[in-house]
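# Observations on the model geometry
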There are 2 protein chains.
Amino acid sequence: MATEATNGAALAEHSVTFMALKPQVFVEASKVNDAVAFYKAAFGAEEVNRVTHPKRKADQELPLLISAEIKLGSSTILISDVADDSTAPVKATSTGLVFCLETEDIDASVEKAVKAGAVAESEVTEGEGACCGGRVGKVKDPYGIVWLICTPAKKCGDVEA
Amino acid sequence: MATEATNGAALAEHSVTFMALKPQVFVEASKVNDAVAFYKAAFGAEEVNRVTHPKRKADQELPLLISAEIKLGSSTILISDVADDSTAPVKATSTGLVFCLETEDIDASVEKAVKAGAVAESEVTEGEGACCGGRVGKVKDPYGIVWLICTPAKKCGDVEA
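## Let's talk about the overall build of chain A
Counting secondary structure elements, chain A contains three helices and eight strands. Listed by position from the N terminus, the elements making up chain A come as α-β-α-β-β-β-β-α-β-β-β. Expressed as a percentage of its 161 residues, the buried residues of chain A come to 50%. For chain A, restricting intrachain contacts to residue pairs at least 6 apart in sequence, the fraction spanning at least 24 positions comes to 59%. Surface exposure of chain A reaches about 7900 Å², of which carbon and sulfur atoms provide 50%.

What follows is the structure, given as structure tokens:
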């Protein structure tokens, strides 16, 4: 029982480390390239990474770009499309702004958020995710903000964080 | 005329430096304290600064807190209330997420964003702003995202950036 209590305490205090918090702007697929160009022109943003769609072909209607990472000051923003196709693990159903929170410890992080009052909006899924692939969980907090909890970008891209 | 042309070119290439990009979450005034507590519990956020309302009294219905700055990983988020009172230079009319972009060069920054396709949503105003006071401009980009362009926090708070 003493051991169990100790384990319980250890679990309760399990600390999750977040590598990065990246606001993610979702725009219509046909406008992703325009949006990246706009943020460069408007705020001097610098493109540091882009994720192209593994299954889309150049001759398809939807653009190849599914997500671009831009740097604005010392912050990073993701610009992603909302195309609802089969390869997207987390369906983005509307344009707007969400937080992408990167961690190695996705399950514990989702669990902790839910325990604090967030609502899990989907199972943790694997694949080409919104945040550069890896695993992705999705929760909505009590204030209406959506958080994607996902594998750090450096684990699945060729860009060092 | 030659001088004018030179000035024109200099203006066109005027580069704006941004100190920080801070996502700002707007929640109902009565829930700001709850929200800060939630982000601490859910994501281990750390409160680094809070701005209390200069005119609200402790016995009023609305809370004293108008904005809290929390740290999540290496990022900073602002949690602010949407109370529509006379001291707020930029009225927040709905809950949700906007970007707060800090710069010394507010007017040039707003002008550049508008030239690139954003729409100015209010005049640049002075006072106790959403981003810790100072001057604040507000533009909406072509993708529906609202950007507050404001005086760096360190200029008006007691916390060094």
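Past the structure itself, the notes keep going.
## Focus on the pattern of salt bridges
All names here are of chain A. For the coordinates displayed, the defined rule picks out 14 salt bridges over all chains. Of the charged contacts in the structure, one is a salt bridge between Glu102 and Lys22, with a shortest N-O distance of 2.9 Å. With Glu102 in strand S5 (residues 96-103) and Lys22 in strand S1 (residues 18-27), the pair connects residues that are 80 residues apart, well separated along the chain. The pair Glu102 / Lys22 is uniform in exposure class, with both members buried. Sharing partners across several salt bridges, the network here consists of Lys22, Glu69 and Glu102.

## Quick word on the relation of the copies chain A and chain B
Overlay of chain A on chain B (RMSD 0.0 Å): rotation 180 degrees, translation along the axis 0.0 Å. Between the two chains, the operation in question is that of a two-fold axis. Scanning chain A for the C-alpha nearest the rotation axis identifies Leu97 of chain A, at a separation of 3.3 Å. When the interface residues of chain A are mapped onto chain B, 100% of them are again interface residues, pointing to one common binding face.

## As for the confidence of the model for chain A
Caution applies to low-pLDDT parts of the model: their predicted coordinates are not meant to be read in detail. Residues and elements named next belong to chain A. Across chain A, the average pLDDT comes to 78, with 68% of residues at or above 70. Ignoring residues within four places in sequence, the model shows residues 155-161, a span with pLDDT below 50, making eleven contacts including any to other chains. For this predicted complex, the interface confidence comes out at an ipTM of 0.78, alongside a pTM of 0.78.

## Describing the interface of chain A and chain B
Every contact between the two is made by 34 residues of chain A and, on the other side, 34 residues of chain B. Overall, the association of chain A and chain B removes approximately 3000 Å² of surface from exposure, summing both partners, and the carbon and sulfur fraction of that is 78%. When the buried area of chain A at its contact with chain B is split by residue, Phe38, Phe43 and Tyr143 of chain A rank highest and sum to 24% of it. Our count for the contact surface shared by chain A and chain B stands at zero salt bridges. Linking chain A with chain B are eight residue pairs in polar contact (both at pLDDT 80 or more).

## Digging into the sheet that holds strand S1 (residues 18-27) of chain B
All names here are of chain B. Spatially, eight strands are ordered S2-S3-S4-S1-S5-S8-S7-S6 in an open sheet, and the strand pairing comes out mixed. In this open sheet, the two strands that pair with only one neighbour each are strand S2 (46-52) and strand S6 (119-126). The sheet shows a mean angle of 25 degrees between the axes of neighbouring strands, direction not considered. Bridging between S1 and strand S4 (residues 75-81) involves four bridges; their strand directions are parallel. Bridge pairing in S4 places Val25 opposite Ile79. Where helix H3 (residues 106-116) meets the sheet, it contacts S1, strand S5 (96-103), S6, strand S7 (135-140) and strand S8 (146-150), and its direction lies at approximately 5 degrees from that of S7.

## Section: the nonpolar core
Nonpolar side chains tend to gather and get buried jointly when the protein is soluble and globular. Of all hydrophobic cores here, the largest spans 63 residues; its most connected members are Tyr39, Phe43 and Trp147 of chain A together with Tyr39, Phe43 and Trp147 of chain B. For Trp147 of chain B, the residues in contact, after removing those within four places along its chain, are Tyr39, Phe43, Leu72 and Ile77 of chain A together with Leu21, Phe99, Leu101, Gly137, Lys138, Val139 and Asp141 of chain B.

## Comments concerning the pairing of S1 of chain B
All names here are of chain B. Among the ten residues in S1, nine count as buried, and that is most of the element. With eight bridges connecting them, S1 and S5 associate as antiparallel partners. Looking across to S5, one finds that Leu21 is bridged to Leu101.

## Focus on the sheet that holds S1 of chain A
All names here are of chain A. Judged by pairing direction, the sheet is mixed, and its eight strands sit side by side in the order S2-S3-S4-S1-S5-S8-S7-S6 without closing on themselves. A single partner strand is all that each edge strand has here, and the edge strands are strand S2 (46-52) and strand S6 (119-126). Strand-to-strand, the axes of this sheet are offset by a mean angle of 25 degrees, without reference to chain direction. As paired elements, S2 and strand S3 (residues 65-72) share six bridges and run antiparallel to each other. Bridge assignment links Glu47 to a residue of S3, and that residue is Ile70. Its contacts with the sheet put helix H3 (residues 106-116) on S1, S5, S6, strand S7 (135-140) and strand S8 (146-150), and the angle it makes with S7 is roughly 5 degrees.

Rules behind the numbers
- Residue positions are counted from 1 within each chain, in the order its sequence is given.
- Numbering of ligands from 1 and lettering of chains from A proceed in the order in which they are written.
- Predicted model: local features are reported for residues with pLDDT of at least 70 only, side-chain atom pairs are reported and counted for 80 or more only, and whole-chain, interface and lining totals are derived from all residues.
- Water and hydrogen atoms play no part in the side-chain values, which are based on all heavy atoms of the structure.
- Every helix listed is a DSSP run of H or I at least four residues long, and every strand listed is a run of E at least two residues long, numbered separately from the N terminus.
- Accessibility here uses a 1.4 Å probe with only protein chains present; expressed as a share of the type maximum, an area under 20% marks a residue as buried, one over 50% as exposed, and anything in between as partly exposed.
- The contact criterion used throughout is that any non-hydrogen atoms of two residues lie within 4.5 Å.
- In these tables, accessible area is a Shrake-Rupley quantity obtained with a 1.4 Å probe, and a residue counts as shielded only by the protein chains included in the view.
- We define a salt bridge as a contact between a side-chain nitrogen of Lys or Arg and a carboxyl oxygen of Asp or Glu at a distance within 4 Å.
- A least-squares superposition brings the copies together, and it is based on the C-alpha atoms of residues with pLDDT no lower than 70 in both.
- Per-residue confidence from the predictor is reported as pLDDT, which spans 0 to 100.
- Summed over both partners, buried area is the accessible surface (1.4 Å probe) that two parts give up on being assembled.
- Polar contact is the term for a pair of N or O atoms within 3.5 Å; when the atoms are in protein, one must be able to donate a hydrogen and the other to accept it, and sequence-neighboring residues count only if both atoms are side-chain atoms.
- By this definition, two strands are paired if DSSP reports at least two bridges between them.
- For helices, the fitted line uses only the C-alpha atoms of the stretch in contact; every axis is such a line through C-alpha atoms, and the angle between N-to-C directions lies from 0 to 180 degrees.
- The criterion is simple. A nonpolar core is a set of buried Ala, Val, Leu, Ile, Met, Phe, Trp, Tyr and Cys residues joined through side-chain atoms within 4.5 Å.

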